[in-house]
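# Structural characterization, general
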Amino acid sequence: QVQLVESGGGLVQAGGSLRLSCVASGSIDSNNAMGWYRQAPGKQRELVAYITGGGTAYYEDPVKGRFTITRDNAKNTVYLQMTSLRPGDTGVYYCAATRRYRMSPRNTDYWGQGTQVTVSA
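Every chain begins its residue count from 1, and numbering advances along the sequence as written. Given that this is a predicted model, residues contribute local features only at a pLDDT of at least 70 and side-chain atom pairs are listed and counted only at 80 or more, while totals for whole chains, interfaces and linings are drawn from all residues. Only hydrogens and water are set aside when side-chain values are computed; all heavy atoms of the structure are taken into account.

## Quick word on the overall build of the protein
Helix and strand assignments follow DSSP, with helices taken as H or I runs no shorter than four residues and strands as E runs no shorter than two, numbered in order from the N terminus. When helices and strands are tallied, the protein shows zero helices and 11 strands. Our radius of gyration is a C-alpha quantity, and the globule rule it is checked against amounts to 2.2 Å times the number of residues to the power 0.38. For 121 residues, the compact-globule estimate of 2.2 N^0.38 gives 14 Å, and the C-alpha radius of gyration of the protein, at 13 Å, lies within 12% of that figure. For the protein, the C-alpha atoms occupy an extent of roughly 40 × 25 × 25 Å along the three principal directions. Evaluated residue by residue, the protein yields a buried proportion of 45% over its 121 residues. Counted over contacts in the protein with a minimum sequence separation of 6, partners at least 24 positions apart contribute 58%. Using a 1.4 Å probe, accessible areas were evaluated by the Shrake-Rupley method; residue-level cover was limited to the displayed protein chains. Accessible surface, the protein as shown: approximately 6200 Å² in total, 45% of it carbon and sulfur. For the exposure calls, accessible area comes from a 1.4 Å probe over protein chains only, and a residue counts as buried if that area is under 20% of its type's maximum, exposed if over 50%, partly exposed in between. Whether two residues are in contact is decided by their heavy atoms, any of which lying within 4.5 Å being enough.

What follows is the structure, encoded as structure tokens:
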């Protein structure tokens, strides 16, 4: 059984930074992609970024150049460094993992409980 536990959310002013962390336990290793989704109020959950076990990172357009995803395979931990935050980044951020080497909304298998990020204007 896989468990994903996020931390690091909070309230920040526009232009500020936050770092999210997610520790995975169970059958997750460097063969599995890990990533982050977010869900804004009244909107569907969307993929933000993911990283392969080999360390290749992929970002959705709204966060390119502002967010950085990294992972520490020895600690089974993935991070999301968020900078230049905007009110539009507000939402619940979910850590996610897949049994596959790359991640997509169709193949995401495991979810964390979510952590709230609120960006004030």
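Next comes the rest of the write-up.
## Observations concerning the environment of Tyr-101
Mapped onto the elements of the fold, Tyr-101 is located in the loop between β9 (91-97) and β10 (110-111). Between the alpha carbons of Tyr-101 and Ala-33 there is a distance of 5.1 Å; along the sequence they are 68 residues apart. When near neighbours in sequence (up to four residues on either side) are disregarded, Tyr-101 contacts Ser-30, Asn-31, Ala-33, Thr-52, Gly-53 and Gly-54. Any pair of N or O atoms that falls within 3.5 Å is considered a polar contact. Within protein, one atom must be able to donate a hydrogen and the other to accept it, and sequence-neighbouring residues count only if both atoms are side-chain atoms. In this structure the side chain of Tyr-101 is engaged in a polar contact, spanning 3.3 Å, whose partner is the backbone nitrogen of Gly-54.

## What about the state of the cysteines?
Two cysteine sulfurs form a disulfide in these notes if their separation is within 2.5 Å. Counted according to the given criterion, the structure contains one disulfide. The side chain of Cys-22 participates in a disulfide bridge whose partner is Cys-95; the two sulfur atoms lie 2.0 Å from each other. Handedness of the Cys-22-Cys-95 disulfide follows from its S-S torsion of about -80°: it is left-handed. In this pair, Cys-22 is assigned in strand β3 (residues 18-25) and Cys-95 in strand β9, connecting sequence segments 73 residues apart. Of the two residues examined, Cys-22 and Cys-95, each falls in the buried class.

## Description of the sheet that holds strand β1 (residues 3-7)
Either a parallel or an antiparallel arrangement is found when strands of a sheet pair, and the pairing is made through backbone hydrogen bonds. Pairing between two strands is assigned when DSSP locates at least 2 bridges connecting them. Here four strands make up an open sheet; going across it, the order is β1-β3-β8-β7 and the pairing antiparallel. Looking at the sheet topology across the chains shown, the edges are occupied by β1 and β7 (67-72). Across this sheet, the average inter-strand angle for adjacent strands is 15°, counted without regard to direction. Bridge analysis of β7 against strand β8 (residues 77-82) gives six bridges, and the strand direction is antiparallel. For Ile-69, the partnering residue across the bridge sits in β8 and is Leu-80. Interaxial angles span 0 to 180 degrees and are taken between N-to-C directions of axes, which are lines fitted to C-alpha atoms, for helices over the stretch in contact.

## Notes on the packing of aromatic side chains
A pair of aromatic rings is counted whenever rings of Phe, Tyr or Trp (Trp by its six-membered ring) have centres within 6.5 Å, and the orientation is called stacked for planes under 30 degrees apart, edge-to-face for over 60 and tilted otherwise. Here the structure, examined in full by the defined rule, presents two aromatic pairs. A centroid spacing of 4.7 Å and a plane angle of 20° characterise the contact between Tyr-50 and Tyr-58, whose relative ring orientation is stacked. According to the relative accessible area criterion, Tyr-58 is partly exposed, its value standing at 34%. Here, a charge over a ring is recorded when the distance from Lys NZ or Arg CZ to the ring centre is within 6 Å and its angle to the ring normal is within 35 degrees. Cation over ring: Arg-45 sits above Tyr-94, and NZ or CZ is 3.8 Å from the ring centre. Over the aromatic face of Trp-111 sits the side chain of Arg-45, whose NZ or CZ is 4.5 Å from the ring centroid.

## So, the pattern of salt bridges
When their charged atoms lie close together, side chains carrying opposite charge are able to pair. Whenever a carboxyl oxygen of Asp or Glu lies within 4 Å of a side-chain nitrogen of Lys or Arg, that contact is scored as a salt bridge. According to the stated counting rule, one finds five salt bridges in the structure shown. For Arg-38, the salt bridge is made with Glu-46, and the minimal N-O distance between the two is 2.8 Å. Of the residues examined, Glu-46 reaches a relative accessible area of 37% and is grouped as partly exposed. The salt bridge partner of Arg-66 is Asp-89, with a shortest N-O separation of 2.8 Å. One end of the pair, Arg-66, is in the loop between β6 (57-59) and β7; the other, Asp-89, is in the loop between β8 and β9, and 23 residues separate them in sequence. The exposure classification of Arg-66 matches that of Asp-89, with both residues buried.

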